[in-house]
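# A look at the structure
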Amino acid sequence: MITVHSLTKRYGATTAVDQLTFEVPPGVVTGFLGPNGSGKSTTMRMIMGLDIPESGTALIDGQVYSELAWPMRQVGGLLEAKAFHPTRTARNHLRCLALANDIPLRRVDEVLDLVGLTSVAGRRAGKFSLGMGQRLGIAAALLGDPGVLLFDEPVNGLDPEGIRWVRNLLRDLAAEGRTVLVSSHLISEMALTADRLVVIGRGRLIAETGVADFVARSGTAAVRLVTPDVAAFSAALAAEGASVGAGEDGSLTVEGLTAPQIGDLAARDRLRVHELVPILASLEDAFMELTQDEVEYRPSTNAGVAAGAKE
Amino acid sequence: MSQTALALPPGRYRFSNAVRSEVAKIATLRSTVITLGLTVVAGLLVTGLVTNAALGHSPGYYMGFDPTSEALTGLIVAALTGGVFGALLITAEYSSGTIRATLAAIPRRPVLLGAKTGVTAAVMLVFCELLSFVSFFLGEAILSGGGAPSASLGSPGALRAVVLTGLFIALMTLMSFGFGLIFRSTAAAIASFVAVVFVLPLVMHGISEPDVRYLPTQILTDSVMRTVRQGPGGVIHPLSPTVGILLMALYAAVAMGAGALLFLRRDA
């Protein structure tokens, strides 16, 4: 269990994290979502005692990180891609860490095997690709078999197979009863991995909720309708108070009525229906709607197609 | 709440855990072995060349000749090694990002700093004492073999000079470690060390020559290594070995103290 209360961090005039309060319960994957620069990493660094907060607390099972008896056996953190010396081998890097917390050295080979780095364990870590470095970071986080895990952007640099592996790993760790907090700016990734969401923007809490609730709460519910009787149907819908928009493919987008209501209307007025599909707001839509005022860095114009696609 | 497969052992991690981790870190870096190995080769080469050059002169040359300090000349190379080594042990952690993993394992910063300082000082002290003795024996063997005046460990002040030279360079290493803590950048820390140890004496000669005796380099060569007082007439009156070593300890303490204060307070 991670408990963050009124956590605040300033860098000069910039408030990176502002009165942030949330909880990360055990047994589920909690996604930590926010645009770039919204304070996710700073918050995670404060939870792990690396950055010192201006005010507020971040507790792990009721304790400040620096007071933990066996930090690596209680908390595992992947906070940056490369937290190892480039000329030290992967195995030696993990051994140095294991010694610091009395972790049996056989555990080093276990986690190397778990992350799939056994064959390169004797190679200098500086020669690793971004993805291999990420796996070594995950191995270090798992070294002490901790009950609480923090992963900051764990899928960065991983190939599709690696991404799927991390996703399953996070879910397995949570299923074992562990507390798992994973940050991402990739909403689609969170939709697949997380059970709960903590959403922040500009260092402030925007939402703390289940993924399904988050989507249901925001997001405009609309219904896609395909009918040959466009004119008659539009008039009937308007008479019922719904707003009707035209889709590019000749379909209608109806807001203000549910799909069953539209179906009933069609039966009453003997209008033909070829397609009737409720459009659920995606997690992405919900996120964009909630954070549109909170984005720290945005392109100066909307013309940049590539920039928009990457966000 | 949080279930773990490995049960937590009783108690908590100790200072000894931090020490073992730091020793393993030094031992698993190839650069450590290479740096120390090169220091041995270069240091002994300097001692060999200097003592060899002191052979076969007229008797007048040997007035005030100090065979002990001649045989310790190679340790000046170790002073540079200490400066680089001391700085790198902390700055390399910052430049590589390892410091984050280190602090995640040992989050009590005084414990980590104590272990790092202790291991750094111990490694350099043992290394420099060994090199100091080897350099002394090599130098004296060359001098006596070539018929020049030579010393033994029993000669007045010789043992003190050999032992204090090793200790002095360990203190210089800690001063550089302090610079590393302050700047966290390898370039800035090593530049500071070189400025204080090798550039400042040159500048000071032009400003106030008598005060050169307070600088680390001058203390090392004129107070610590020397067993025969220089004749009268010099502008610089060297400090006594005891005052010299205490002053170097003060320099190291100031750099370490400032570095430690910053390390304990700022974000990693």
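Residues numbered from 1 in each chain as written. Chains lettered and ligands numbered in written order. Predicted model: local features only at pLDDT ≥ 70, side-chain atom pairs only at ≥ 80, totals over all residues. Heavy atoms only, no water.

### Considerations on the pairing of strand β8 (residues 196–201) of chain A
All names here are of chain A. Selection rule: Accessible area is worked out with a 1.4 Å probe on protein chains only. A residue is then buried under 20% of its type maximum, exposed over 50%, and partly exposed in between. By definition, any uninterrupted DSSP run of H or I lasting at least four residues is a helix, any uninterrupted run of E lasting at least two residues is a strand, and each is numbered from the N terminus. Between any two strands, pairing holds if DSSP finds at least two bridges.
Among the six residues in β8, six count as buried, and that is most of the element. Burial of β8 is two-sided: the residues Arg-196, Val-198 and Ile-200 facing one way and the residues Leu-197, Val-199 and Gly-201 facing the other way are all buried. With four bridges connecting them, strand β3 (residues 29–33) and β8 associate as parallel partners. Pairing of Phe-32 across the sheet is with Val-198, part of β8. The pairing of β8 with strand β9 (residues 204–210) spans six bridges and is antiparallel. Following the sheet pairing, Val-198 is matched in β9 by Glu-208. Between β8 and β9, which pair antiparallel and follow one another directly, the connecting turn spans two residues, one of which, Arg-202, has a positive phi of 50 degrees.

### Quick look at the sheet that holds strand β13 (residues 275–279) of chain A
Residue and element names in this part refer to chain A. What counts, and what does not: Only the stretch in contact is used when a helix axis is fitted, and all axes are lines through C-alpha atoms; the angle between N-to-C directions ranges over 0 to 180 degrees. Contacts are residue-level and defined by heavy atoms, with any inter-residue pair within 4.5 Å sufficient.
The antiparallel open sheet is built from four strands, whose spatial order is β11-β12-β10-β13. Edge positions in the sheet fall to β11 (243–246) and β13, since each has one partner strand and no second. Taking each pair of neighbouring strands and ignoring which way they run, the sheet shows an average axis angle of 25 degrees. Bridge count for β11 against strand β12 (residues 252–255) is four bridges, and the pairing is antiparallel. Bridge assignment links Ser-243 to a residue of β12, and that residue is Glu-255. Here helix α9 (residues 230–239) sits on the sheet and contacts β10 (222–226), β11 and β12; the angle it forms with β12, its principal contact strand, is near 10 degrees.

### Thoughts on the interface of chain A and chain B
Heads up, the condition is: Summed over both partners, buried area is the accessible surface (1.4 Å probe) that two parts give up on being assembled. Counted as salt bridges are all cases of a side-chain nitrogen of Lys or Arg within 4 Å of a carboxyl oxygen of Asp or Glu. Polar contacts, as counted here, are pairs of nitrogen or oxygen atoms within 3.5 Å of one another; within protein the pair requires one atom able to donate a hydrogen and one able to accept it, and residues that are adjacent in sequence qualify only if both atoms are side-chain atoms.
Across the contact, 48 residues belong to chain A and 40 residues belong to chain B. With both chains or domains summed, chain A and chain B bury close to 3,600 Å², and 56% of this area falls on carbon and sulfur atoms. The largest per-residue losses of area from chain A upon contact with chain B belong to Leu-50, Trp-70 and Arg-88 of chain A, which jointly make up 17% of the total buried on that side. Counting the contacts that link chain A with chain B gives five salt bridges. Measuring nitrogen to oxygen at the nearest pair gives 3.6 Å for the salt bridge that ties Asp-102 of chain A to Arg-14 of chain B. Between chain A and chain B we count 20 residue pairs in polar contact (both at pLDDT 80 or more) in total. If one sorts the elements of the side of chain A that touches chain B by residue count, helix α3 (residues 90–100) of chain A sits on top with six residues.

### What about the domain arrangement of chain A?
Our working definition: All domain edges in this entry derive from an automatic or database-based domain assignment.
Split by domain assignment, chain A resolves into domain 1 (2–216) and domain 2 (220–279). Put simply, the middle of domain 1 of chain A and the middle of domain 2 of chain A, counted by C-alpha atoms, are 46 Å apart.

### Quick look at helix α1 (residues 15–27) of chain B
The line we're drawing: Here a helix's expected span is defined as the number of its residues, less one, multiplied by 1.5 Å.
Taking 1.5 Å of rise per residue, 13 residues should cover 18 Å, and α1 of chain B covers 18 Å from first to last C-alpha, within 8% of that figure. Listed in full, the buried residues belonging to α1 of chain B are Asn-17, Ala-18, Ser-21, Glu-22, Ala-24, Lys-25 and Ile-26 of chain B.

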